[in-house]
Amino acid sequence: MRGQRDDGQPNPDAELQEQLQSMEGKVRKMRENRNSQREQGKAVAQKRNAVQEQYREHKKKLDLMKAELDAIHAERNLHKAKRDTIQAQLRELIGQAKGRRNEKGDKKSATAEYSQLMNEIKSLEEKFQTTSSSTKKEKETMERIKRMKRRVGELEPEVVQFEMVSVDLSNLDEAIKTLKSEADDAHKMFVEALQRADAKWAEYKEGLDHRNFLKAEGDRHHLESVEYHEKANTIHAKIEELMVDVNKAREQLNLAVEERKSWISEHNNAVKAEMKTGAESDEVAESLVQSLLKDGELMFGGLGKNDTASSATRTAPSSKKKNMRRLGPIRRR
């Protein structure tokens, strides 16, 4: 009977199994760590999403506040422009009232010239209607009035563009008084709009600070989430590297087990072949067939030709037993 390889060793693969279990345990711990990193990354990502949602809602409010602030600024600028224009118009009229000219000294401003022409036209028309003169003089007066009106028509677009408040330029004192009042009102409205703009800006500035805070928080959570996922990816890459060795160890262990199984199978087959009886042996059957073909007779159980007679003698029944069978059964009386 043959023995097995590694007889006497209780577990020939103990070292390999221990190494495999150690690597598998390390893989399990690494997977747990990887999953923990991913879960923490997801939790931080949820915080990031919540903060970013707050940021978007807050930005909508800021957009409305900015629109209100822009409207107030536009109103403030309008009042400022009106005040400045009226004050410029006022300065022109004051200069005209004082008989001043511009820096060149040879040309009046458009407003001053326009006002002077209007006064002269009004005076000539009243004189033409109330006094009598020669035909030649009347014709000269009419021609003069026409020239003045043409000049007035030329100056009117410039005066209308410059003039913020319509005043009677024929009465400069009253016009100056009116323009002063209008300039003061425009300045008051400008100051009031400026105060409202400052108050709204303070509120808007506070909103901007909160928006910046939310953006910083969202960015911080995002970077933290990315960091967790990068750690998880790094651990996953190490797991894949380690799994190569784990699979190799598993393959080696499986090959060793299969090899021992084949050894056991071969051993069992050999033992079984040695324990077969003649009736179960193919070699014995073949030998009997060859003997029959050669000698024309078969011998079973190790008996020879000379053994048959003695065998018959031993097995034949005695004459006494035969006679007893012939008499039949004995009847008792």
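Here is what the cut-offs are and how they apply
Residues numbered from 1 in each chain as written. Predicted model: local features only at pLDDT ≥ 70, side-chain atom pairs only at ≥ 80, totals over all residues. Heavy atoms only, no water. Helix = DSSP H or I, 4+ residues; strand = E, 2+ residues; numbered from the N terminus. Areas by Shrake-Rupley, 256 points an atom, 1.4 Å probe, with all protein chains shown as cover. Phe/Tyr/Trp six-rings, centres within 6.5 Å; stacked < 30°, edge-to-face > 60°. Buried < 20%, exposed > 50% of the residue type's maximum accessible area, 1.4 Å probe, protein only. Salt bridge = Lys/Arg side-chain N within 4 Å of Asp/Glu carboxyl O. pLDDT = per-residue confidence, 0-100. Contact = heavy atoms within 4.5 Å.

Undergrad: Let's hear about the overall build of the protein chain: which residues, and what values?
TA: A count of helices and strands for the protein chain gives 7 helices and 0 strands. Listing each helix as α and each strand as β along the protein chain from the N terminus yields α-α-α-α-α-α-α. Carbon and sulfur atoms make up 50% of the accessible area of the protein chain, which totals about 25,000 Å².

Undergrad: Please give an account of the packing of aromatic side chains that cites residues and values.
TA: Enumeration according to the criterion identifies 1 aromatic pair in this entry. The interplanar angle of 45 degrees and the centroid separation of 5.8 Å between the aromatic rings of tryptophan 201 and tyrosine 204 together place this pair among those described as tilted. Placement of the pair is tryptophan 201 and tyrosine 204 together in helix α4 (residues 172-274), with a separation of 3 residues, close to one helical turn. On the basis of relative accessible area, tryptophan 201 is assigned to the partly exposed category, the value being 42%. Tyrosine 204 gets classed as buried once you look at its relative accessible area, which sits at 11%.

Undergrad: Can you lay out the pattern of salt bridges for me, pointing to particular residues and giving the numbers?
TA: Applying the stated criterion across every chain yields a total of 14 salt bridges. The shortest N-O distance in the salt bridge between glutamate 53 and arginine 56 comes to 2.8 Å. Here glutamate 53 and its partner arginine 56 are both found in helix α1 (residues 14-97), 3 residues apart, which amounts to about one turn of the helix. Among the salt bridges present, the one from glutamate 227 reaches lysine 231, with a minimum N-O distance of 3.8 Å. In this pair, glutamate 227 and lysine 231 are both assigned in helix α4, 4 residues apart and thus about one turn of the helix distant. Counted as one network, the salt bridges with shared partners bring together Glu68, Lys200 and Glu203.

Undergrad: I'd like to hear about the confidence of the model for the protein chain, residue by residue, with values.
TA: Summarising the model, the protein chain shows a mean pLDDT of 76, and 68% of its residues fall at 70 or more. For the protein chain, per-element mean pLDDT is lowest for helix α7 (residues 319-327), which scores 46, and highest for α1, which scores 88. Contacts for the low-pLDDT stretch residues 319-333, under 50 throughout, to residues beyond four places or in other chains number 2 contacts.

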